[in-house]
Amino acid sequence: MYQGFYNLASGMLTQSRNLNTISNNMVNIQTPGYKNETMVSSTFKEEMLYRTGQYSKENPTQLATVSKIKTAKQVYTNYDQGGLEQTDGIYDFALNGNGFFCIQTSQGIRYTRNGSFSVDKDGYLVLNQAGRVLNKEGQPVQIKNENFTVDSKGHITAAITNQSDGEESGSQEVTIEDYGTLKVVDFPDQGQLHAEDNGLFSTAQAETTPADTTVQCRHGGADDSYDVIPESASKRSPVTENV
């Protein structure tokens, strides 16, 4: 009798956690850079059932193996490349390939695929409710002029036109302001990344440089800017593994 309660309770708790995972996927279906999650459940305390006589317990007959308890084993994150969606934001970036942007937060450096950036009152590139975006030198990126360009490596520059004070009336002088290169990193084992709030990830792994990853932005080689959007998730049941 009590075993039935254990079975029901463990199943309800596991399904509740699975519904939380699905709900989180659905809530973030339009969040740029969000990575879909899948919960994997497992069973333990497997036992063999035997049938014996009412009086004699000799020569029992094996019936089946049953699992007494079901539990959530792990939540897996799908880090596959998402789709690119056109936006109107001049500070919207996207990564085409593996890798993560680096964000300086109050808890230290965090990583994200969300390129829906903006600038703060001091002109620094920021991820909303997270922190400032870092360049290759580990310093915050400051964009002083919104008429900037970005190449495929994430190098940000702006051509500034100034009126010349020379003898020729109406002559102009163009200077190039260098705002640095966005820091894009990857990791040997993405399975060790820890998901946090606001689409951020943390890890103790050493950073590596992703190969063949390009940065896209409205002011880059294309006329449009892009955000990485997640795949929708509609699974109602967790993936199950038996141990």
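Everything below is about the structure printed above this text.
The text that follows walks through the structure, step by step, so that each part is easy to find. What you are looking at is a predicted structure, and each value in this text was computed from that prediction instead of being measured. (Residues numbered from 1 in each chain as written. Predicted model: local features only at pLDDT ≥ 70, side-chain atom pairs only at ≥ 80, totals over all residues. Heavy atoms only, no water.)

## Let's talk about the overall build of the protein
So, step 1. Scanning the protein from N- to C-terminus turns up one helix and 18 strands.
So, step 2. Counting all 243 residues of the protein, 36% fall into the buried class.
So, step 3. Looking at the protein alone, contacts between residues at least 24 apart form 61% of all its contacts between residues at least 6 apart.
So, step 4. When the accessible surface of the protein is summed, it comes to about 14,600 Å², and 46% of that surface belongs to carbon and sulfur atoms. (Helix = DSSP H or I, 4+ residues; strand = E, 2+ residues; numbered from the N terminus. Buried < 20%, exposed > 50% of the residue type's maximum accessible area, 1.4 Å probe, protein only. Contact = heavy atoms within 4.5 Å. Areas by Shrake-Rupley, 256 points an atom, 1.4 Å probe, with all protein chains shown as cover.)

## Some words on the pattern of salt bridges
Any two side chains of opposite charge can pair, so long as their charged atoms come close to each other.
So, step 1. Going through the model one piece at a time under the given rule, you end up with five salt bridges.
So, step 2. Its salt-bridge partner being Glu196, residue Arg110 comes within 3.0 Å of it at the nearest N-O pair. One end of the pair, Arg110, is in strand β6 (residues 108-112); the other, Glu196, is in the loop between β14 (194-195) and β15 (200-202), with 86 residues separating them in the sequence.
So, step 3. Residue classification places Arg110 among the buried positions, given a relative accessible area of 14%.
So, step 4. The exposure class assigned to Glu196 is partly exposed, which follows from its relative accessible area of 30%. (Salt bridge = Lys/Arg side-chain N within 4 Å of Asp/Glu carboxyl O.)

## Things to note about the nonpolar core
So, step 1. By size, the foremost hydrophobic cluster in this structure holds 24 residues, and its most contacted members are Phe93, Phe117, Leu125, Ile143, Phe148, Ile156 and Leu182.
So, step 2. Mapped by element, the contributors of at least two residues to this core are β4 (93-96), β5 (100-105), β8 (125-127), β10 (148-150), β11 (155-163) and β16 (214-217).
So, step 3. In terms of residue count, the dominant contributor to this core is β11 (three residues). (Core = buried A, V, L, I, M, F, W, Y, C linked by side-chain atoms within 4.5 Å.)

## A short note on the side chain of Lys35
So, step 1. Structurally, the position occupied by Lys35 is in the loop between α1 (2-27) and β1 (37-51).
So, step 2. Although Lys35 is buried, it forms no salt bridge, and the closest oppositely charged side chain is Asp80 at an N-O distance of 7.5 Å.
So, step 3. At a separation of 2.7 Å, a polar atom in the side chain of Lys35 contacts the main-chain carbonyl oxygen of Asp80.
So, step 4. Those residues in contact with Lys35 that sit more than four places away from it in its chain are Thr77, Asn78, Tyr79, Asp80, Gln81, Gly82, Arg113 and Phe201. (Lys, Arg positive; Asp, Glu negative; His and termini not counted. Polar contact = N/O pair within 3.5 Å; in protein donor to acceptor, adjacent residues only side chain to side chain.)

## Points about the environment of Gly99
So, step 1. With respect to the helices and strands, Gly99 occurs in the loop between β4 and β5.
So, step 2. Gly99 sits 87 residues away from Asp186 along the chain, and the two C-alpha atoms are 4.4 Å apart.
So, step 3. Ignoring anything within four residues of it in the chain, the contact list for Gly99 reads Arg113, Val184, Val185, Asp186 and Pro210.

## Let's talk about the side chain of Asn135
So, step 1. For Asn135, the location among the structural elements is in the loop between β9 (131-133) and β10.
So, step 2. Among the polar contacts listed, one links the side chain of Asn135 to the backbone nitrogen of Glu137, at a separation of 3.0 Å.
So, step 3. Dropping the residues within four chain positions of it, Asn135 is found in contact with Pro140, Val141, Thr181, Leu182 and Lys183.

## What to know about the packing of aromatic side chains
So, step 1. Following the criterion strictly, the structure yields eight aromatic pairs and no others.
So, step 2. Judged by centre distance (5.9 Å) and plane angle (65°), the ring pair of Phe100 and Phe201 falls under edge-to-face. With a gap of 101 residues between them, Phe100 in strand β5 and Phe201 in strand β15 connect regions that are remote in the sequence.
So, step 3. Relative to Phe187, the ring of Tyr111 has its centre 4.8 Å away and its plane inclined at 75°; by these criteria the two rings are edge-to-face. Remark: Phe187 occurs in the loop between β13 (184-185) and β14 and Tyr111 occurs in strand β6; sequence separation between them is 76 residues. (Phe/Tyr/Trp six-rings, centres within 6.5 Å; stacked < 30°, edge-to-face > 60°.)

## Let's talk about unusual backbone geometry
For residues other than glycine, phi is negative in most cases, and the peptide bonds are mostly trans.
So, step 1. Although it is not a glycine, Gln129 sits at a positive phi angle of roughly 60°.
So, step 2. Along the polypeptide, Gln129 turns up in the loop between β8 and β9.
So, step 3. For Asn198, which is not glycine, the phi torsion reads 60° and is therefore positive.
So, step 4. As for its position among the elements, Asn198 is in the loop between β14 and β15.

By themselves, these figures tell us nothing about what the structure is for.
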